[in-house]
Amino acid sequence: MRKFFTLFFSLLLFHGISSAQQAVAQPAGKPNIVIFLADDMGAGDSSAYQDWAENSDGDQLYTPAIEELARRGIRFTDAHSPHSRCTTTRYALMTGRYCWRTSVKHWVLFGNHGDPLIERDRLTMPEMLQQAGYKTAMVGKWHLGLTYRKTDGTIAEGFEDADLRQPMANTPVDHGFDFFYGISRSHPTSGPGGLKRMNTPDQKTGPGWIDGRTVIGATDNDKQLKKGSYDYWQVGNVIDREAFRFLYSMVSSTQPFFLYFASPANHGPYTPSKEIAGIKIEGASQYKDGTPTESLRQDFVYQNDVHLQRVLNYLKETEDPRRKGRPLLENTIVIFTSDNGAEKNDKRFTGPVRSNKGSTFEGGHRVPFIASWPLGNVGDGNDKTPGKTQTSLLALNDLYATFAEVAGENLPPVTGTGCGAEDSVSQLKAMRGEKDFTRPGAIFPNDHQQASSKLADERAVVAVRSNSGPLQGQWKLFLDHRYAFEGQLHATALYDLSRDPKETINLLENPKMKRQVSYLLQLARDAAGEDGSSR
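Presented here is an overview of the structure given in this document. (Residues numbered from 1 in each chain as written. Predicted model: local features only at pLDDT ≥ 70, side-chain atom pairs only at ≥ 80, totals over all residues. Heavy atoms only, no water.)

With that settled, the discussion passes to the overall build of the chain. Along the backbone of the chain there are 13 helices and 19 strands. Here the chain has a C-alpha radius of gyration of 22 Å; the compact-globule value for 535 residues is 24 Å, and the two agree. With the C-alpha coordinates aligned to their principal axes, the bounding extent of the chain is approximately 65 × 60 × 50 Å. The 535 residues of the chain split such that 63% are buried. Residue pairs in contact within the chain that sit at least 24 positions apart in sequence constitute 71% of those at least 6 positions apart. Total accessible area on the chain stands at roughly 19,300 Å², and carbon and sulfur atoms take up 50% of it. For the chain, the distance from the average site of its 62 positive side-chain charges to the average site of its 63 negative ones is 2 Å. (Helix = DSSP H or I, 4+ residues; strand = E, 2+ residues; numbered from the N terminus. Rg over C-alpha atoms; globule rule 2.2 N^0.38 Å. Buried < 20%, exposed > 50% of the residue type's maximum accessible area, 1.4 Å probe, protein only. Contact = heavy atoms within 4.5 Å. Areas by Shrake-Rupley, 256 points an atom, 1.4 Å probe, with all protein chains shown as cover. Lys, Arg positive; Asp, Glu negative; His and termini not counted. Charge placed at Lys NZ, Arg CZ, Asp CG, Glu CD.)

Our next topic: the packing of helix α4 (residues 64-72) against helix α8 (residues 296-317). If you want to describe how two helices pack, look at the angle between their axes and the distance between the axes. Direction vectors running N to C along α4 and α8 enclose 50°, while the axes themselves pass 7 Å from each other. On the basis of their axis angle, the class for α4 and α8 is oblique. On the side of α4, the interface is formed by P64, A65, I66, E68, L69 and R72, while α8 contributes D305, L308, Q309, L312 and K316. Grouping the constituent residues of the contact of α4 with α8 by class yields six nonpolar, one polar and four charged. (Axes fitted to C-alpha atoms, helices over the stretch in contact; angles between N-to-C directions. Parallel < 35°, antiparallel > 145°, perpendicular 65-115°, else oblique. Nonpolar A, V, L, I, M, F, W, Y, C, P; charged D, E, K, R; others polar.)

By size, the foremost hydrophobic cluster in this structure holds 60 residues, and its most contacted members are M125, Y260 and F403. A total of six residues in this core trace back to one element, the largest contributor, which is helix α10 (residues 399-407). Residues contacting M125, with those up to four places away along its chain left out, are I35, L93, M94, F258, L399, Y400 and F403. By size, the runner-up hydrophobic cluster in this structure holds 46 residues, among which are M41, L69, F257 and I370. (Core = buried A, V, L, I, M, F, W, Y, C linked by side-chain atoms within 4.5 Å.)

Within a sheet, neighbouring strands are paired by backbone hydrogen bonds and run either parallel or antiparallel to one another. Overall, antiparallel pairing links the three strands, which are arranged β17-β18-β19 in an open sheet. Each of the sheet's edge strands pairs with one partner strand only, and the pair in question is β17 (462-466) and β19 (491-496). The sheet shows a mean angle of 15° between the axes of neighbouring strands, taken without regard to direction. Its contacts with the sheet place helix α13 (residues 514-527) against β17, β18 (475-479) and β19, and it is angled at close to 60° to β18. (Pairing = 2+ DSSP bridges.)

Turning our eyes to something else, we now look at the pairing of β18. Extensive coverage of β18 is indicated by the burial of five of its five residues. One ladder, built from five bridges, connects β18 with β19; its direction is antiparallel. Each residue of the ladder has a partner; that of L477, found in β19, is L494.

For any two aromatic rings, the description comes down to two numbers: the centre-to-centre distance and the angle of the planes. Tallying each qualifying case throughout the model produces 25 aromatic pairs. Pairing Y49 with W52 gives two aromatic rings, centres 6.3 Å apart and planes at 80°, and the pair type is edge-to-face. Residue class for Y49 comes out buried when judged on its relative accessible area of 1%. With a centroid separation of 5.3 Å and an interplanar angle of 85°, the aromatic rings of F76 and F369 are classed as edge-to-face. Linking F76 in strand β2 (residues 74-76) with F369 in strand β14 (residues 369-372), this pair joins segments that are 293 residues apart in sequence. (Phe/Tyr/Trp six-rings, centres within 6.5 Å; stacked < 30°, edge-to-face > 60°.)

Right, let's get into the packing of helix α7 (residues 235-249) against α8. At a minimum axis separation of 11 Å, α7 and α8 run at an interaxial angle of 15°. Viewed along their axes, α7 and α8 adopt a mutual orientation that is roughly parallel. The chirality of how α7 crosses α8 is right-handed. Taking contact as the criterion, the partners of G236, I239, D240, F244, L247 and Y248 in α7 are, on α8, Q303, H307, R310, V311 and Y314. Taken together, the residues of the contact of α7 with α8 sort by class into six nonpolar, three polar and two charged. (Left-handed = near helix turned anticlockwise from the far one by under 90°.)

Positionally, T219 belongs in the loop between β7 (214-215) and α7. Separated by 45 residues in the primary sequence, T219 and D174 place their C-alpha atoms 24 Å from one another. Within the structure, the side chain of T219 is placed 3.1 Å from the backbone nitrogen of N221, a separation counted as a polar contact. (Polar contact = N/O pair within 3.5 Å; in protein donor to acceptor, adjacent residues only side chain to side chain.)

See below:
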């Protein structure tokens, strides 16, 4: 890593907003892009959202790096994961398409094999960026399915007949990533050792770490891995190491890069690293008032903050090979967000909304979302200013269209070979702080554990969420599972979140709401079906 400390760079970092604005006016090529996706982290889990979450200093976890990113950029307070669980959100992030249009209309992929959810003829977001000239990389949690090979090289039917020594047949490198080092799904079930699972020849967990198509630590003894090749208490150390391996490889490249940093934290069980790059993690998290949290959960959330701080420091201290004498940070889009709401129904973590992960109530999919790109006018790049706040509606599936606009690429068609981004709308204007921006149409989050006490299709509830319509408000219309499965419109509830953020007053039968209900039903009708589109 090449560090430089010229007088001008020092002034840029410390002089204030005028220097940052001067830098914005300079021409630049396509920006680098970093998406940091936390796992099960609610907006209230970051002190950057303390005012929104209404947490006291004694209850609010201190996350200085996320705060810094918010000061440099823009914070969204009405940002949403497309779904309330991990597999489905990750699918929508990669494809720009809601997962309820697939065979997985709620819940997650199970098992070590898990047939790949993304079709090979679909143009994913990283593939679009490859076409735009980007070098693409992913580290961390995939959870969208894998395919193995048998000993003779043919496709395995599942994990049982897989030969882990053979190059894998379908991994993230088949969906747009030049570089991949990660795990199949959540860290406790991605390899032996987690949750008291033993490293044996007939183990059912795995395959451990994957480097491109290679299973790390594969042996001649069936599914048994080499001792020490997977330790779920070390996941943070490994993904940090591999993220920087990729970043270091780009230090002299004139090619823009895209890094998808999919952190396993803070999905349970909570396994914070002892330290990462000499920075203490376990036992180091604090509340805003300075008291230690004495919580493994909070340590694991804090681990995300340390990862982000290390990435930000690298971008600040490393010269941009395409802009001599300037730091990478100026022309890099950095986004911090989460795959769904907090895993615990605790106001400190979820904020002042109802429920948590696994629910179509707001707490299941209202997530932190902070973006910075100084040269693109996404924030001012100055960590001494307060930063901006945006209140307009955003969903993570919108990043596909946003990055396409940034990279100068047309969106793919919504049908046929090479289709994609069926449910993606560019948020570039909103990220640049335009206060009059209103996201067109609606977002359609889904997966509602309150719909059934058992894991059943009734949980495939879809909400129509829009801040527009004939009546002023922040509207949310619930449709039962028949919309996801058959495109049928059976409304069960209507809420105005501008007046009722806890979703306790059902307005569906209120005659004054008839026009708004009709408007939302029409949006749902226009977007319905596995072959449908909402863009």
